[in-house]
Amino acid sequence: MTTTATTTTQRFQPYPYYKPSGVEWLGHVPEHWEVRKLKHIADVRNSNVDKKTAEDEDAVRLCNYVDVYYNDYITDDINFMAASASSDKIKRFSLQPGDVIVTKDSEAWDDIAVPACVDQEFDDVLCGYHLALIRPHAGQSDGEYLFRAFLSHAIRDQFRVRANGVTRFGIPRDGLTSAMFPVPPFAEQQSIAAFLRRETGKIDSLIDKKRRLIELLKEKRTALISHAVTKGLNPNARMKPSGIDWLGDVPEHWEVPPFYSRYRVELGKMLDEKKITRSHLVPYLRNIDVQWDSINTDDLPEMDIEERQYERFTLTHGDLVVCEGGEVGRAAFWQGQLPRCGFQKALHRLRPRDPERDNPRFLFYIMHTGAHGNVFVSGGNPNTIPHLTGEKLRVYRFPFPPRPEQDEIAARLDSESRRLNNSTALADAAITHLTEYRSALISAAVTGKIDVRSSAVAPAITTIDSVASGTAAAVLDAEIVARFNAEGTLRRTKRHKATCLCHYHAELDELNADFVRDAAGPRDLDLIERANGVAQERGWFEETGSTDEGYSYHELDHAGHHRHTFDSLYGTRMQRIDEVLIFMQHKSREQCESYATLYCAWNDLLILGLEPSHDAILEEVLVRWHPKKAERSLLAWQSDLRKLEKSPLIPRGFGKPTRQPDLFT
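**Looking at the sheet that holds strand E7 (residues 81-85)**
- On the basis of which strands lie adjacent, the open sheet formed by 3 strands has the order E7-E5-E11 and mixed pairing. The outermost strands of the open sheet, each flanked by one partner alone, are E7 and strand E11 (125-127). Across the sheet, the mean angle separating the axes of adjacent strands is 55° when strand polarity is ignored.
- Where strand E5 (residues 58-63) and E7 come together, 5 bridges link them in antiparallel fashion. What sits directly across from Val 60, in E7, is Ala 83.

**Notes on the confidence of the model for the chain**
- Mean pLDDT over the chain: 87, with 92% of residues reaching 70 or higher.
- Predicted confidence for residues 457-467 stays below pLDDT 50, and this span has 22 contacts to residues more than four positions away or in other chains.

**Regarding the side chain of Ser 417**
- Mapped onto the secondary structure, Ser 417 falls in helix H11 (residues 403-446).
- Contacts of Ser 417, omitting those with residues within four sequence positions, involve Arg 221 and Tyr 365.

**So, the sheet that holds strand E24 (residues 342-343)**
- Pairing in this open sheet of 3 strands is mixed, and the strands run E21-E18-E24 from one edge to the other. Edge positions in the sheet fall to strand E21 (302-304) and E24, since each has one partner strand and no second.
- Two strands pair when backbone bridges link them, and strand E18 (residues 281-285) and E24 are joined in this way by 2 bridges, in the parallel orientation. Note that in E24 the partner of Tyr 284 across the bridge is Gly 342.

**Description of a positive patch on the surface**
- On the surface, Lys 37, Lys 39, Arg 92 and Arg 173 cluster together into a patch of positive charge.
- Examined against the element boundaries, Arg 92 turns out to sit in helix H3 (residues 87-93).
- Accessibility expressed as a relative area gives 39% for Arg 92, which makes it partly exposed.

**Quick notes on the packing of aromatic side chains**
- All told, the structure shown has 24 aromatic pairs when counted by the stated rule.
- An angle of 90° between the planes, with centres 6.3 Å apart, marks the rings of Tyr 15 and Tyr 18 as edge-to-face.
- Residue Tyr 15 is classed as buried on the basis of its relative accessible area, which comes to 4%.
- Given the relative accessible area of 28%, Tyr 18 is considered partly exposed.
- Measuring from centroid to centroid gives 5.3 Å for Phe 376 and Tyr 396, while their planes differ by 85°, and the two rings are edge-to-face.

**A word on the environment of Arg 538**
- Its location among the elements puts Arg 538 in helix H15 (residues 525-538).
- In this structure the C-alpha to C-alpha distance between Arg 538 and Gly 653, which are 115 residues apart in sequence, comes to 34 Å.
- When near neighbours in sequence (up to four residues on either side) are disregarded, Arg 538 contacts Thr 471 and His 558.

**With respect to the state of the cysteines**
- Counting across every chain of the model gives 0 disulfides.
- Looking at Cys 117, it has no disulfide partner, and the nearest cysteine sulfur is the one in Cys 63, 11 Å off.
- Given a relative accessible area of 2%, Cys 117 falls into the buried group.

About the criteria used
- Residues numbered from 1 in each chain as written.
- Predicted model: local features only at pLDDT ≥ 70, side-chain atom pairs only at ≥ 80, totals over all residues.
- Heavy atoms only, no water.
- Pairing = 2+ DSSP bridges.
- Helix = DSSP H or I, 4+ residues; strand = E, 2+ residues; numbered from the N terminus.
- Axes fitted to C-alpha atoms, helices over the stretch in contact; angles between N-to-C directions.
- pLDDT = per-residue confidence, 0-100.
- Contact = heavy atoms within 4.5 Å.
- Patch = residues over 30% accessible without salt bridge, like charges linked within 9 Å, V, L, I, M, F, W, Y side chains within 5 Å.
- Areas by Shrake-Rupley, 256 points an atom, 1.4 Å probe, with all protein chains shown as cover.
- Salt bridge = Lys/Arg side-chain N within 4 Å of Asp/Glu carboxyl O.
- Lys, Arg positive; Asp, Glu negative; His and termini not counted.
- Charge placed at Lys NZ, Arg CZ, Asp CG, Glu CD.
- Buried < 20%, exposed > 50% of the residue type's maximum accessible area, 1.4 Å probe, protein only.
- Phe/Tyr/Trp six-rings, centres within 6.5 Å; stacked < 30°, edge-to-face > 60°.
- Disulfide = S-S within 2.5 Å.

Take a look at the structure:
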């Protein structure tokens, strides 16, 4: 069992009694469940409705393969294909609410039996070719439960192993109808389906946020690079017209010469199968091997390159390799990964004519701007198939600052790119974790490994719509008290800074927080007082003491009883909450205050669309936060900022910015 699956089953109670299912892959099932073949609980119809339109048939709309493959639910939001069908096919394959449609043919075996559930009434939509229509027997099986069961890897594996084919796979009707399904009582199927719709909906919403974040990070990186290589780092530099439409004004002291005057351009060797003698074989790079700032050297093909051609058609450490076709301008550096390597005609090799004058790393960022700004696209039309020929590239005019400025810009962009790439990697990891959790949750629910009946009927605290923010904060603070009380360092300041960092880092909308810029860092006293009231009422903990320094926490009789609600409310964001709490372990009050202040200043800059450089973050803290912040040494702030950058707690511009308290407005 995977870690994700184990975590999933631990967060919910199992059924009280189980029995052998009689099916090896399924194992034990709840005692009151049955295991039945699909044909005994649903009608299975393999569609033969094609995409043709005939004059003697009625006009219909078709739900096709891609409509099912890319959607969980079939609704009228989908742009269905227009077609026609005979009256008997309309009668047999018209969609009804609760129907399940699955893919029965595919080019890949693991794309067999991908399901979607029909979620509304249709007058004219039919199940199309390459699909099977599964209609549950009334009162015996629930359509949405069957849809979720098809999503379980354990159940879907039955169809994958039964699929026939070599280059294209298909599952026969018997392969579908004879598949075994766990079958709870009908009302329980509906409860499981309702639970999974609610829970997967929340997970999907989080995944969408992460994907949007990744897109925003990419856009931010592109904008940063474009501005730096065309306008420089000095906002006060005097500008001049470049004479080039896409470039606009550039700093007055920059040059904009034709490219050939600064760099040598060499197109790779044409691969001629007829002339291969295999007597001078050298591995070579193809277009696909060159990605942004990354070159693949595994399993490279070989071509004949004689020694006299090495200077022209092989690479030297530091060469910039640029794609001639495909995503034109895509570039990466050759770092001498192989003793000898050539490059195919689909690639250009760029070398500065005067290495003392030009930094290829700066040029890399120019190529990034050109590629992402469609500068290299023929006629400015991104729908054409572009090629960046050597002749075209040599006459392009690019901006070139003096070498020291090229170095400074390249170093700054390297630093910012690393930071943004780290944020992107964290978001990607979160998507992977959420996707695995989603899959494990579905499988555990439909195979009876967890009992979600009470969760489905009376959902636990899950969203701001169902729980006051004070309760959401109390649940989080009960966990903070449970984690930190034993180490003896927990006081109000540490608790509040932990709550603050969890709010921003784990994106806890539920807290509905409003942090102000206090002398002791970000603060929302109203939130902490509301949490205190709920925690004491629930018997989780109470806050004792009369001053900030003296506040401590006493765990009450029901300490630990917050756990189920905490798992339900924050389960999908547990990893980020853990990152905060692990980071803050054994930290002093001053350290907690410092890290929370730096994090929020950094996050505020991102929210406002400003560049979060070291200087900007420190200026935000020392000048715009609170006068007491300037009493701490600059070196101490700089040291803590560097430590924060190396931690998992990298701001992403979530939430609303901290604000000045009324005293300072």
